[in-house]
Amino acid sequence: MMASATLKPRHEQRILNGHLWIYQGNVARLDGEPSPGDIVDVFAADGEFLGRGYYNPHSQIAIRLLTRVKEPVDRSFFLRRIQRARAWRARVMPDATSYRLIYSEGDLLPGLIVDRYEDVLVVQFLTLGMDARREIIVEALVEAESPRAVYERSDVPSRRYEGLELRQGLLWGELPEQPMVIRENGLSFEVDVAGGQKTGYFLDQKENRRSLAPFVPGARVLDVFCHNGAFAVHALRYGAREVLGVDSSEQAVESARRNAALNGYTKSAWFVEANAFDFLREMDRSSERFDVVILDPPAFAKSKAHFEPARRGYKEVNLRGLKLLHPGGFLVTCSCSHHMPADEFYRLVLEAANDARRPLRLVESRGQAKDHPILAGVPESAYLKCLIFQVLE
């Protein structure tokens with residue numbers, strides 16, 4: 001008989017509102033003896049069935065719901081979920097050949113990430129419940145997607161909170177020579193699925209990179225935290241006169257140079273290895289000015305404890321970026337920190353503009369691409385902010 005968890009009185013409302021996480025403190029009683037990773041039924045205090053999910057006594061999140069009906073969580077279950085996720089991508093980005101196929105809670109598969117790079121799948125098993133089902137998940141992925149290879153990048157620190165070791169390696173098929181080349185918005189980019197950051201590429205910005213098109217024709221563009229040059233190359237594709245990219249990683253800068261060359265932009269793209277904050281201050285002192293400044297830093301706020309220093313960092317980089325813009329120029333500023341709320345990010349950019357004495361017009365407020373769907377009721381599934389401002393004269 002399946003084990004079950006009964007919640008404390010009045011602790012079910014967040015689940016009824018759409019969330020999938022049940023914390024240890026929400027559980028009043030555990031019936032049966034589930035092993036870590038086992039599937040358990042979840043009930044409200046009054047006996048109402050709330051759903052079925054996997055259990056981990058070693059995590060603060062005791063249960064993550066997978067379904068709200070009484071159905072087997074087996075290979076067929078994962079195959080159906082994968083097919084449904086694929087159908088969504090086919091609907092919202094029918095021409096894409098590289099995209100996030102499975103986005104954890106956004107696809108009702110909490111703890112599972114799958115990125116498709118052409119014919120290679122890169123998977124992350126982030127939780128014990130998903131890790132325990134890795135074999136049937138890989139089988140379902142192979143059946144649904146017919147990939148050339150399935151490669152694991154479960155080398156993320158968050159696995160330690162689940163009592164899991166970091167892991168990486170080939171799970172199925174044959175990995176092509178690295179780096180491989182993917183297509184995005186008609187452009188080509190190198191992706192190193194074995195050695196790159198995260199799963200090899202940041203797919204969540206694909207629509208935001210495309211949104212540059214009206215703002216960059218004829219522009220001199222500064223791309224700060226340029227990583228592999230994806231924003232920079234898009235800017236050139238949409239008519240920028242020249243782009244200067246900066247990143248603190250030598251590996252990233254070399255990748256950006258190769259991507260510029262891959263798309264035929266070696267004569268109009270320059271990339272330098274430098275600390276972004278130091279570089280921006282030096283640019284300001286040298287009176288360098290740009291028509292468009294793009295700021296796409298890594299997550300400064302990795303937890304609630306990092307909020308205040310992260311806020312100071314975001315404000316500083318936006319202040320410096322704004323000072324480098326010509327009147328009438330555009331600031332494209334991003335935050336991928338879930339712990340930096342959208343309203344707070346907007347507020348700190350306005351504070352930076354006030355300090356820089358640069359009045360702004362909000363042109364667009366954007367988020368993550370549609371292959372990173374946001375599950376209503378799970379605010380943690382919405383993390384990316386992308387604001388486009390114009391500096392008024």
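Small disclaimer: the values here were computed from a predicted structure and weren't measured. (Residues numbered from 1 in each chain as written. Predicted model: local features only at pLDDT ≥ 70, side-chain atom pairs only at ≥ 80, totals over all residues. Heavy atoms only, no water.)

Participant: Talk me through the pattern of salt bridges; I want residue IDs and the actual numbers.
Facilitator: Charged atoms that come close allow side chains of opposite charge to pair. Inspection of every chain in the model, using the stated rule, returns 34 salt bridges. A salt bridge links Glu-152 to Arg-167, with the shortest nitrogen-to-oxygen separation between them at 3.6 Å. Here the residue Glu-152 occupies a position in strand β10 (residues 149–154), and Arg-167 occupies one in strand β11 (residues 167–173), the gap between them amounting to 15 residues. For Arg-167, a relative accessible area of 32% gives the class partly exposed. Close ionic contact of Arg-209 with Glu-184 constitutes a salt bridge, the shortest N to O distance being 2.8 Å. With Arg-209 in helix α5 (residues 206–210) and Glu-184 in strand β12 (residues 180–184), this pair connects stretches of sequence that are 25 residues apart. Its relative accessible area of 3% is what places Arg-209 among the buried residues. (Salt bridge = Lys/Arg side-chain N within 4 Å of Asp/Glu carboxyl O. Helix = DSSP H or I, 4+ residues; strand = E, 2+ residues; numbered from the N terminus. Buried < 20%, exposed > 50% of the residue type's maximum accessible area, 1.4 Å probe, protein only.)

Participant: Report on the pairing of strand β20 (residues 385–391), specifying residues and quantitative values.
Facilitator: Burial within β20 is extensive, with seven of its seven residues counted as buried. Of the two faces of β20, the one lined by Lys-385, Leu-387, Phe-389 and Val-391 and the one lined by Cys-386, Ile-388 and Gln-390 are each fully buried. With six bridges joining them, strand β18 (residues 325–335) and β20 adopt antiparallel strand pairing. In the strand pairing of β20, Cys-334 is matched with Cys-386. Bridging between strand β19 (residues 360–366) and β20 involves six bridges; their strand directions are antiparallel. Residue pairing for β20: Leu-360 is matched across the bridge by Val-391. (Pairing = 2+ DSSP bridges.)

Participant: Explain helix α6 (residues 230–237) residue by residue, including any values.
Facilitator: Most of α6 sits out of view: seven of its eight residues are buried. Taken as a whole, α6 has its buried residues at Ala-230, Phe-231, Ala-232, Val-233, His-234, Ala-235 and Leu-236.

Participant: Quick one: what's the story with the sheet that holds strand β14 (residues 220–224), residue by residue and with numbers?
Facilitator: Read across the sheet, seven strands follow the order β16-β15-β14-β17-β18-β20-β19 without closing on themselves; strand pairing throughout is mixed. For this open sheet the edge positions go to β16 (269–273) and β19, each flanked by a neighbour on one side alone. If you compare each strand with its neighbour and ignore which way they point, the axes differ by 15° on average. Helix α10 (residues 342–356) contacts β18, β19 and β20 of the sheet and is inclined by roughly 25° relative to β20. (Axes fitted to C-alpha atoms, helices over the stretch in contact; angles between N-to-C directions. Contact = heavy atoms within 4.5 Å.)

Participant: Outline unusual backbone geometry, listing residues and values.
Facilitator: The linkage connecting Gln-178 with the following residue, Pro-179, adopts the cis geometry, with an omega of -5°. Tracing the chain through its elements places Pro-179 in the loop between β11 and β12.

Participant: Give a description of the packing of aromatic side chains that names residues and reports values.
Facilitator: Within this structure, the stated rule accounts for 11 aromatic pairs. Centre to centre, the rings of Trp-21 and Tyr-23 are 6.5 Å apart; their planes meet at 80°, and the pair counts as edge-to-face. Aromatic pair Phe-225 and Phe-300: ring centres 6.3 Å apart, planes at 75°, arrangement edge-to-face. Pair noted here: Phe-225 is in the loop between β14 and α6 and Phe-300 is in the loop between β17 (290–295) and α9 (307–323), with a separation of 75 residues, a long-range link. By the ring-pair criterion, three or more aromatic residues cluster together here, those being Phe-225, Phe-277, Phe-300, Tyr-314 and Phe-345. Here the basic side chain of Lys-70 rests over the ring of Phe-49, its NZ or CZ set 5.0 Å away from the ring centre. One cation-aromatic arrangement involves Arg-209 over Phe-231; the distance from NZ or CZ to the ring centre is 5.7 Å. (Phe/Tyr/Trp six-rings, centres within 6.5 Å; stacked < 30°, edge-to-face > 60°. Lys NZ or Arg CZ within 6 Å of the ring centre and 35° of its normal.)

Participant: An account of the sheet that holds strand β6 (residues 61–67) is needed here, citing residue identities and associated values.
Facilitator: An order of β2-β6-β5-β4-β1-β3 is seen for the six strands of this open sheet, with the pairing classed as mixed. In this open sheet, the two strands that pair with only one neighbour each are β2 (21–23) and β3 (27–31). Neighbour to neighbour, the strand axes of the sheet diverge by 35° on average, direction disregarded. Two strands pair when backbone bridges link them, and strand β1 (residues 4–7) and β3 are joined in this way by four bridges, in the antiparallel orientation. Along β3, the bridge assignment pairs Ser-4 with Asp-31.

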